[in-house]
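Chain by chain, the residues:
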Amino acid sequence: MKIAFIGLGNMGSPMASNLVKAGHNVTVFDLVESAMQALESEGAGRADSAQAATQGADVVISMLPAGVHVKSLYLGRDGAPGLLEALEDDASNITPLIVDASTISPEDARTVAAAAREKGFTWLDAPVSGGVGGAKAGALTFIVGGSAEGFEQAKPVLDVMGKNVFHAGENGAGQVAKICNNMLLGILMSGTAEALALGVKNGMDPAVLSEIMKQSSGGNWALNGYNPWPGVMEGAAAGRDYEGGFLTDLMAKDLGLAWELALGSKSTVPMGSQARNLFALHSAQGNGGLDFSSIQKLYREGE
Ligand code: NAD
């Protein structure tokens, strides 16, 4: 299949790489030159613009930071046309399936999906879970919102990058499920960091404490697979000064999306709000570009 892939960050690069390895004809675009060069060396084609990347594509996949980027890519900005318009004008006359894997608000997803539908395109919100490790291993969980036909069409491509592919419901439902998941993850990561700091301040070895909690009722994904204390878990972001991974700023964004969703539906999210404040404070202290497990540092101040 001819696939256009836009957005080669921590997640997009390994996802695009897996599509290349599976034998698809992938053309990439990112604003960062070095990210495109890396994919090119693996066998992908590269384009000078998102519009150029999508020419003649059967499937368009985007993996961008936030809703503002997704809307400006597809709908345009400051009078400049967006990708939907360019796809409509594409002389190859192929009607591509469009899959956005970014985490954005359900409202933004529905807005772009409706604009795509008006032009005759199927647009799916397909946010992912599983982190950079899952992206590299082709073991992501995709949470898809959109039509059942679109889901069936996308599934073979998503199966290359993921292990679990769920159809959550209509457009926006993928984002609702993803936001609920990440609110829980933010709560679990900050709770895990808090428990580890408490134990260490009271004389525990963080590795011993982690092993005990893993085998006890406090075990959870953050502790079991993404331990935030440096040196406890091989391969975890904590062991490389929290470089790369899932950035604090992206977690703060997702907790903000959860807060907006709660406001709109008159839901109460006291734990999610607390987590949002913790990650926002951590970001304000200059840690926005570090992996979100660096929230551990917040509990170690003054050591
Ligand atoms: P990132 O910041 O590492 O990468 C985003 C990429 O998009 C960058 O390379 C940037 O240059 C590019 N970009 C921005 N605007 C662009 C444009 N107009 N055209 C082309 N490229 C553009 O982010 P990431 O960690 O890869 O995350 C991407 C999305 O996936 C986010 O919505 C995030 O919340 C979500 N997510 C991330 C993780 C994770 O562990 N990192 C896990 C699950 C979901």
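How each quantity is defined
- Every chain is numbered independently, its residues counted from 1 as its sequence is written.
- With the structure being a predicted model, the display of local features is reserved for residues of pLDDT at least 70 and the display and counting of side-chain atom pairs for 80 or more, all residues being used for whole-chain, interface and lining totals.
- Computation of side-chain values: all heavy atoms of the structure, hydrogens and water removed.
- Each residue is placed in one exposure class: buried if its accessible area under a 1.4 Å probe, protein chains only, is under 20% of its type's maximum, exposed if it is over 50%, and partly exposed if it falls in between.
- Strands here mean DSSP runs of E at least two residues long; helices mean DSSP runs of H or I at least four residues long; both are numbered from the N terminus.
- In this context, the arc is that of the directions from the helix axis out to the C-beta atoms.
- In this analysis, two residues are considered to be in contact whenever any of their non-hydrogen atoms come within 4.5 Å of each other.
- Think of a polar contact as two N or O atoms within 3.5 Å of one another; within protein, one of them needs to be a possible hydrogen donor and the other a possible acceptor, and neighboring residues in sequence only count if both atoms come from side chains.
- Lines fitted to C-alpha atoms define the axes, with helix axes restricted to the stretch in contact, and inter-axis angles between N-to-C directions lie between 0 and 180 degrees.
- Here is the rule for angles: anything less than 35 degrees is roughly parallel, anything more than 145 is roughly antiparallel, 65 through 115 is roughly perpendicular, and the remaining ranges are oblique.
- Crossings are assigned a handedness: left-handed for a near helix turned anticlockwise from the far helix by less than a right angle, right-handed for a clockwise turn.
- Residue classes follow a fixed rule: Ala, Val, Leu, Ile, Met, Phe, Trp, Tyr, Cys and Pro count as nonpolar, while Asp, Glu, Lys and Arg count as charged, and any other residue, Gly among them, counts as polar.
- Multiplying 1.5 Å by the residue count of a helix minus one yields the expected span of that helix.
- With a 1 Å grid spanning the protein atoms alone, the term cavity applies to any set of points in which a 1.4 Å probe fits but cannot get out, the term pocket to an open set with protein on both sides within 12 Å along at least five of seven lines, and the term lining residue to any residue with an atom within 4 Å of a point.
- Grid points are joined across faces, edges and corners, and a volume is the space filled by probe spheres set on the points.
- Boundaries between domains were set according to an automatic or database domain assignment.
- Here is the rule: rings of Phe, Tyr and Trp (six-membered ring for Trp) pair when centre to centre is within 6.5 Å. Planes less than 30 degrees apart are stacked, more than 60 are edge-to-face, and the remainder are tilted.
- Here a residue counts as near a molecule or strand whenever at least one of its heavy atoms sits within 4 Å of it.
- Only the protein chains shown count as cover for residues, and all accessible areas are computed by the Shrake-Rupley method using a 1.4 Å probe.
- Think of it this way: a molecule belongs to a cavity or pocket when more than half its atoms come within 2 Å of the grid points there.
- Salt bridges are defined as contacts in which a side-chain nitrogen from Lys or Arg sits within 4 Å of a carboxyl oxygen from Asp or Glu.
- Side-chain atoms within 4.5 Å link the members of a nonpolar core, which is a set of buried Ala, Val, Leu, Ile, Met, Phe, Trp, Tyr and Cys residues.
- A 1.4 Å probe defines the accessible area here, and the buried area is the portion of it lost by two parts on being joined, summed over both.

With that settled, the discussion passes to helix α10 (residues 206-214). Listed in full, the buried residues belonging to α10 are P206, L209, S210 and M213. End-on view of α10: buried residues confined to an arc of 100°, all on one side of the axis. In this structure, the buried side of α10 is in contact with α9 (173-201) and α11 (221-225). For α10, the capping residue at the N-terminal end is D205, with a side-chain oxygen 2.8 Å from the backbone nitrogen of A207.

Turning to the packing of α9 against helix α12 (residues 248-264), a few remarks are in order. Look at α9 against α12: their axes get within 9 Å of each other, and the N-to-C directions meet at 120°. It follows that α9 is oblique to α12 by the angle criterion. Considering how the two elements wind past one another, α9 and α12 form a crossing that is left-handed. Residues V176, I179, N182, M183, L185 and G186 of α9 pack against M251, D254, L255, L257, A258 and L261 of α12. Of the residues in the contact of α9 with α12, the class split is nine nonpolar, two polar and one charged.

Below, the discussion takes up helix α6 (residues 106-118). Taking 1.5 Å per residue as the helical rise, α6 with its 13 residues ought to reach 18 Å, and the 18 Å between its terminal C-alpha atoms agrees with that figure. Residues of α6 that are buried make contact with α4 (67-75), α5 (83-89), β8 (122-125), α9 and α12. Looking one or two residues beyond α6, the residue adopting positive phi is G120, at roughly 90°.

The method is simple in principle: a probe with the dimensions of a water molecule rolls over the atoms, and the space it marks as empty is what remains. Estimated volume of the largest pocket: approximately 1200 Å³. Along the wall of the largest pocket there are 50 residues; nearest its centre are M63, L64, P65, S102 and L250. Looking at the lining of the largest pocket residue by residue, the class counts come to 27 nonpolar, 18 polar and five charged. When residues of the lining of the largest pocket are assigned to domains, at least three map to each of domain 1 (2-169) and domain 2 (176-299). Mapped onto the lining of the second largest pocket, the elements with two or more residues apiece are α7 (131-137) and α11. The element contributing the most residues to the lining of the second largest pocket is α7, with four residues.

For the rest of this paragraph, the subject is the packing of aromatic side chains. Applying the stated criterion to the full structure yields five aromatic pairs. Put simply, the rings of W221, Y226, F246, F279 and F292 touch in pairs and so form one group of aromatic residues.

With that settled, the discussion passes to the site of the ligand. Of all residues adjacent to the ligand, which total 24 residues, the nearest are N10, M11, D30, P65 and K253. Protein chains shield 88% of the accessible area of the ligand, which is 840 Å² for the free molecule. Most atoms of the ligand, that is more than half of them, are within 2 Å of grid points of the largest pocket. Elements represented by at least two residues in the shell around the ligand include exactly α7 and α12. The class makeup of the residues in the shell around the ligand is 13 nonpolar, eight polar and three charged. Split by domain, the residues of the shell around the ligand number at least three in each of domain 1 (2-169) and domain 2 (176-299).

One pass over the structure, following the stated rule, counts nine salt bridges. Across the pair E40 and R46 runs a salt bridge whose closest N-O atoms are separated by 3.8 Å. When its relative accessible area of 29% is taken as the criterion, R46 is described as partly exposed. K119 is the partner of E88 in a salt bridge, and the nearest nitrogen-oxygen pair spans 3.2 Å. Linking E88 in helix α5 with K119 in the loop between α6 and β8, this pair joins segments that are 31 residues apart in sequence. The exposure class of E88 is partly exposed, given its relative accessible area of 42%.

This part is about the nonpolar core. As a rule of thumb, nonpolar side chains are buried together in soluble globular proteins. In terms of nonpolar packing, the biggest core is built from 57 residues, with F5, M15, Y74, W123 and F142 touching the most fellow members. Sort the elements by how many residues they give to this core and helix α8 (residues 148-161) lands first, with five residues. Not counting residues within four places of it along the chain, the set of residues in contact with F142 comprises M15, A101, A126, P127, V128, L158, M161, G162, N164, V165 and F166.

Taken domain by domain, the protein chain consists of domain 1 (2-169) and domain 2 (176-299). Inter-centroid distance (C-alpha atoms) of domain 1 to domain 2 is 28 Å. Facing 13 residues of domain 1, the contacting portion of domain 2 comprises 14 residues. Both faces considered, domain 1 and domain 2 share a buried interface measuring about 980 Å² in area, 69% of it formed by carbon and sulfur atoms. It is N10, T103 and P106 in domain 1 that bury the most area against domain 2; as a group they hold 40% of the surface buried on that side. Taken together, domain 1 and domain 2 are joined by four residue pairs in polar contact (both at pLDDT 80 or more). Listed by contribution, the elements that provide at least two residues to the side of domain 1 that touches domain 2 are α6 and β9 (128-129). Its residues assigned to classes, the side of domain 1 that touches domain 2 comprises eight nonpolar, four polar and one charged.

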